[in-house]
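Now for the letters of each chain:
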Amino acid sequence: MTDLFTTYTGNILQMLLIALGYLTFFAVAGLLLVWLERRIAAFFQLRLGPNRVGPFGLMQTIADALKLVSKELTGTERADKFLYNLAPYFVIITALLALAVLPFSGQIQAFDINIGLFFLTAVSSVGVIGILLGGWSSNNKYALIGAMRSGVQTVSYELSVGLSLLTMVLLTGSLQLSQIIEVQKDGWLIVQGHIPAIIAFMIFMIAGTAETNRAPFDLVEAESELGAGFHTEYSGMKFAYFFLAEFINMFIISAIAVVVFFGGWLSPFGITDSIPWLGVFWFLGKTFLVIFLMMWFRWTFPRLRVDQLLTLEWKYLLPINLFNIVLMAVIIWLNLEIKF
Amino acid sequence: MITTKIEDRFKTEEYFINMGPQHPATHGVLRLILTIDGEIIKNVEPDLGYIHRSIEKMCERDSYQQIVHLTDRMDYLSAHINNEAVCLVVENALELEVPERVKVIRTILAELTRISSHALWWGVMGMDVGALTTFMYAFRDRELINDIFEETCGARLTMNYNIPGGLMFDIHPNFVKRVKDFIAEFKTKLPEYDTLLTNNVIFQKRTKGVGFLSREDAISFGTSGPVARGSGYSCDVRKHHPYSAYTKMDFKEVLRTAGDTLARYEVRIQEMWESVAMIESLIDNIPEGDYKVATKAVIKLPKGEFYQKVETARGELGVFVISKGDKSPYRLKFRSPGFSNLSALNKMIVGGKIGDLVAVSSTLDLVVPDIDR
């Protein structure tokens, strides 16, 4: 009897605690990223950004979140109520699911499945269903145009995300994230795979930015064209879900880039290998640098037009990507990887 | 009956969409009724009248001194130049010769206004194509001009510094130094505009060949200003019908023949350089003398019809006055550049995408209070 109690209940309790930990991380990271984006935007735009509420304005996003919670949830007449209410959950749950397989350090990883990389790409592409539903169900033409664009964009750029990661999988021989990092003890993959790895990284960053619907690929919510795009009709907490998910998706794309190209939680040249818990620091630090890069894109580049977006993917990125895979295969065949 | 023909089952329809009157891309209360097939624009119909304030009717009630400030509220980004237009028509009708000093100061301020208007347009243009940072860069430089205006006449936007017969008061002792400082500063900032936006690959792709307007169409739609000059139509009022200090000044009229969005963009960027050169040539040569000639307290124009046109930042602004010899005009008509430029929008955009519409309407540099008076 006690046996069952300890194993069964204990397991559930453990699962709940872990889930709670991840939810907390989700919320804190989301709010922190919003703050970061505003500060970085201000840095690029000769402004100060939020600096009044709390130290360095850190409490500003919390105040904003509280405001959003207290707002009335409005909706359009003749909207498809069921789908309209369902859409934000699609977006936020897929973002949360992807978080589960990310290795924050050697020890901190909720579950290390053997198809980790595949799981990440699969889950992050389910989020588009939420955007499509949101745009379709809110009975607004602007939202519908945004949703249409989102469908076209995400389906196209998923290919490039997947193929650029596949290029690196040739090098690691595994889809399991812990193994991918293990391989990099001989040097980060971007060094090991030199030229094709650098090409793959650039393609991944372009396609990853497009996947998360951020500028210069923010056609989905292009505010000068469509108002707010697919979430025009959402308010209060439902809007906040979309908003938060966008930032968490950016974190996830950056984290994948760090795991696959920059050695995950490994320290540079193994300087802190004796202290394993510092892995979290290295992982988050590297992720922050990639996030900074994505924010830099956003506050510098103009937006592409929808046909140019598709031209870029189907005429340039995809052929380069396919060629790159062959190049990588040749390099592995000739044993040209750089290892320390 | 279930039809089996695939065209019937997957029939597509054009749909209408309202862009505005509350929309981030229309910069004011302009309503564009779009007919769209997917993303492709089939027709654009501007719907005006949302901020009509009967300015022309109010002019029939007011004295000529009062009319000057109504013009501030039309194209508020070239307020000074609008003021000048009314002052010039009154001075011409009275056959009043204003001192050289007034002419030079008016011209310097007009060119500063042009720079500030074009800088704001550049920021907004960047924002419309999705580069949000340009807006802040533009405002950084525009603030310096507004500071000069504030010191000169107390207002930053609706200046109302011109009066029939001259200026409301003399320039501030700091004026020359501040303008020189600004010009030196702005010459280092203007190349940043090219680095940030003009030379960007995405921006070039978004604008090159988009929104084509041929020279013939530019003339027949009555466009003027940078819109017409981007299509190769030489129409600069400062060159062809010079007024104030432009009569004796040597400057180039900026022309591009491509007729697309990028050409109109380049015209405005180049005009900023030209304005800088004009101010540089004038600022050291402000003649001494009076800042106004005395007029009667109640100005009555002689009987007749009078017309004066000036080149604002957006194009040709005409003021047409019919006077019956009273203290206010019998009828006053403004020919505003924005209205005619907007009329060419449909010609330029049909067949383009929604993203193109935003870029094209941005290079028209629309100020809605100028279109609806």
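Residues numbered from 1 in each chain as written. Chains lettered and ligands numbered in written order. Predicted model: local features only at pLDDT ≥ 70, side-chain atom pairs only at ≥ 80, totals over all residues.

Helix and strand counts for chain B come out as 16 helices and eight strands. The C-alpha radius of gyration computed for chain B amounts to 22 Å, which stays within 12% of the reference 21 Å derived for 373 residues, consistent with globular compactness. Each principal axis of the C-alpha distribution contributes one length, and for chain B these read about 85 × 50 × 35 Å. The 373 residues of chain B split such that 48% are buried. For chain B, the proportion of contacts with a sequence separation of at least 24, taken over those separated by at least 6, is 69%. (Helix = DSSP H or I, 4+ residues; strand = E, 2+ residues; numbered from the N terminus. Rg over C-alpha atoms; globule rule 2.2 N^0.38 Å. Buried ≥ 20, exposed ≤ 12 C-beta atoms within 10 Å, placed from the backbone. Contact = placed C-beta atoms within 7 Å.)

Regarding its fold elements, chain A presents 13 helices and zero strands. Traced from its N-terminal end to its C-terminal end, chain A shows the element sequence α-α-α-α-α-α-α-α-α-α-α-α-α. Taken against the 2.2 N^0.38 rule, which gives 20 Å for 340 residues, the C-alpha radius of gyration of chain A at 21 Å falls within 12% of a compact globule. Looking at chain A as a whole, 44% of its 340 residues qualify as buried. For chain A, the proportion of contacts with a sequence separation of at least 24, taken over those separated by at least 6, is 79%.

All names here are of chain B. Where strand S6 (residues 304-311) lies against strand S7 (residues 316-323), eight bridges are found, and the strand directions are antiparallel. When the sheet's bridge partners are listed, glutamate 311 is paired in S7 with glutamate 316. Where S6 hands over to S7, the hairpin turn is made up of four residues, of which glycine 315 adopts a positive phi near 145°. Across five bridges, the pairing between S7 and strand S8 (residues 331-335) is antiparallel. From the neighbouring strand, valine 319 faces S8, where its bridge partner is phenylalanine 334. (Pairing = 2+ DSSP bridges.)

Neighbouring strands of a sheet are bound in pairs by backbone hydrogen bonds; such pairs are parallel or else antiparallel. All names here are of chain B. With respect to topology, three strands assemble into an open sheet ordered S6-S7-S8, the strand pairing being antiparallel. Among the strands making up the open sheet, the edge pair consists of S6 and S8. The average undirected angle you get between the axes of adjacent strands in this sheet is 10°. (Axes fitted to C-alpha atoms, helices over the stretch in contact; angles between N-to-C directions.)

Looking now at unusual backbone geometry. Here asparagine 139 of chain A, not a glycine, exhibits a phi torsion of approximately 55°, which is positive. By the secondary structure assignment, asparagine 139 of chain A is in the loop between helix H5 (127-137) and helix H6 (141-172). Within the chain, aspartate 365 of chain B stands out as a residue other than glycine whose phi angle is a positive 55°. Relative to the assigned elements, aspartate 365 of chain B resides in the loop between helix H15 (354-363) and helix H16 (368-371). Since 28 C-beta atoms lie within 10 Å of it, aspartate 365 of chain B is described here as buried.

All right, on to the interface of chain A and chain B then. Facing 23 residues of chain A, the contacting portion of chain B comprises 26 residues. Those elements that provide at least two residues to the side of chain A that touches chain B are helix H10 (223-226) and helix H13 (306-333) of chain A. Classifying every residue of the side of chain A that touches chain B gives ten nonpolar, five polar and eight charged. (Nonpolar A, V, L, I, M, F, W, Y, C, P; charged D, E, K, R; others polar.)

So, about the nonpolar core. Residues and elements named next belong to chain A. Residues Val91, Ile252, Ala257 and Val260 are the most contacted members of the largest nonpolar core, which totals 186 residues. Broken down by element, the residue count for this core peaks at 18 residues, all from helix H11 (residues 236-261). Structurally, this core is a two-domain feature, drawing no fewer than three residues from each of domain 1 (1-70) and domain 2 (74-333). If we skip the residues at most four places from it in the chain, valine 260 touches Leu165, Met168, Ile180 and Leu189. (Core = buried A, V, L, I, M, F, W, Y, C linked by C-beta atoms within 7 Å. Domains from an automatic or database assignment.)

The next point concerns the pairing of strand S3 (residues 40-47) of chain B. All names here are of chain B. Pairing of strand S2 (residues 31-37) with S3 involves seven bridges; the strand directions are antiparallel. Its bridge partner lying in S3, leucine 34 is registered against valine 44. The hairpin turn running from S2 into S3, its antiparallel successor, is two residues long, and glycine 38 in that turn takes a positive phi close to 70°.

Let us now look at the sheet that holds strand S1 (residues 15-19) of chain B. All names here are of chain B. Read across the open sheet, the three strands follow the order S1-S2-S3; overall the sheet is antiparallel. The open sheet has two edge strands with one neighbour each: S1 and S3. The sheet shows a mean angle of 25° between the axes of neighbouring strands, direction not considered. Two elements, S1 and S2, share five bridges in a ladder whose sense is antiparallel. Counterpart to phenylalanine 16 in the pairing with S2 is threonine 35.

All names here are of chain B. By the secondary structure assignment, isoleucine 105 is in helix H5 (residues 100-128). Since 25 C-beta atoms lie within 10 Å of it, isoleucine 105 is described here as buried. Sequence separation of isoleucine 105 and phenylalanine 339 is 234 residues, and the distance between their C-alpha atoms is 29 Å. Sequence-distant contacts of isoleucine 105, that is, excluding residues within four places in its chain, are made with Leu167, Ile171 and Ile286.

Time to look at the packing of H5 of chain B against helix H6 (residues 133-153) of chain B. Packed helices, taken two at a time, are described by their axes: the angle between them and the distance between them. Residue and element names in this part refer to chain B. As a packed pair, H5 and H6 sit with axes 8 Å apart at the nearest point and diverge in direction by 165°. By the angle class used here, H5 and H6 are roughly antiparallel. Between H5 and H6 lies a crossing whose hand is left-handed. Between H5, through Leu112, Ile115, Ser116, Ala119, Leu120, Trp122, Gly123, Val124, Gly126 and Met127, and H6, the contact on the second element is made entirely by Thr134, Phe135, Tyr137, Ala138, Phe139, Asp141, Arg142, Ile145, Asn146 and Ile148. Among the residues making up the contact of H5 with H6, the classes are represented as 13 nonpolar, five polar and two charged. (Parallel < 35°, antiparallel > 145°, perpendicular 65-115°, else oblique. Left-handed = near helix turned anticlockwise from the far one by under 90°.)

Given 3.6 residues per helical turn, the α-helix brings residues three or four places apart onto the same face. Residue and element names in this part refer to chain B. For helix H7 (residues 175-198), which comprises 24 residues, the first-to-last C-alpha distance of 32 Å matches the rise-based estimate of 34 Å (1.5 Å per residue) to within 8%. At lysine 187, H7 shows its maximal bend, which comes to roughly 30°, and the proline proline 191 appears one to four places after that position. For H7, the full list of buried residues reads Val179, Phe182, Phe186, Tyr193 and Leu197. In this fold, the buried residues of H7 make contact with H5, H6, helix H8 (201-207) and helix H12 (261-283). (Expected span 1.5 Å × (residues − 1). Bend = angle between axes of the 7 residues up to and from the residue.)

Here the focus is the domain arrangement of chain A. Residue and element names in this part refer to chain A. Along its sequence, chain A is carved into domain 1 (1-70) and domain 2 (74-333). Here the C-alpha centroids of domain 1 and domain 2 sit 20 Å apart. At eleven residues, helix H1 (residues 2-44) tops the list of elements feeding residues into the side of domain 1 that touches domain 2. A per-class count over the side of domain 1 that touches domain 2 returns twelve nonpolar, two polar and one charged.

Residue and element names in this part refer to chain B. If you trace the backbone, aspartate 370 turns up in helix H16. Sequence separation of aspartate 370 and serine 340 is 30 residues, and the distance between their C-alpha atoms is 11 Å. When neighbours within four sequence positions are excluded, aspartate 370 is seen to be in contact with Met74, Asp75, Arg314, Ser336 and Gly338.

Take the packing of H6 of chain B against H7 of chain B next. Residue and element names in this part refer to chain B. Running from N to C, H6 and H7 cross one another at 170°; their axes reach a closest spacing of 11 Å. With respect to H7, the element H6 is oriented roughly antiparallel. For the pair H6 and H7, contact is made by Thr133, Thr134, Tyr137, Asp141, Leu144, Ile145, Ile148, Glu151 and Thr152 and by Phe175, Arg178, Val179, Phe182, Glu185, Phe186, Lys189, Glu192, Leu196 and Leu197, respectively. Tallied by class, the residues present in the contact of H6 with H7 amount to ten nonpolar, three polar and six charged.

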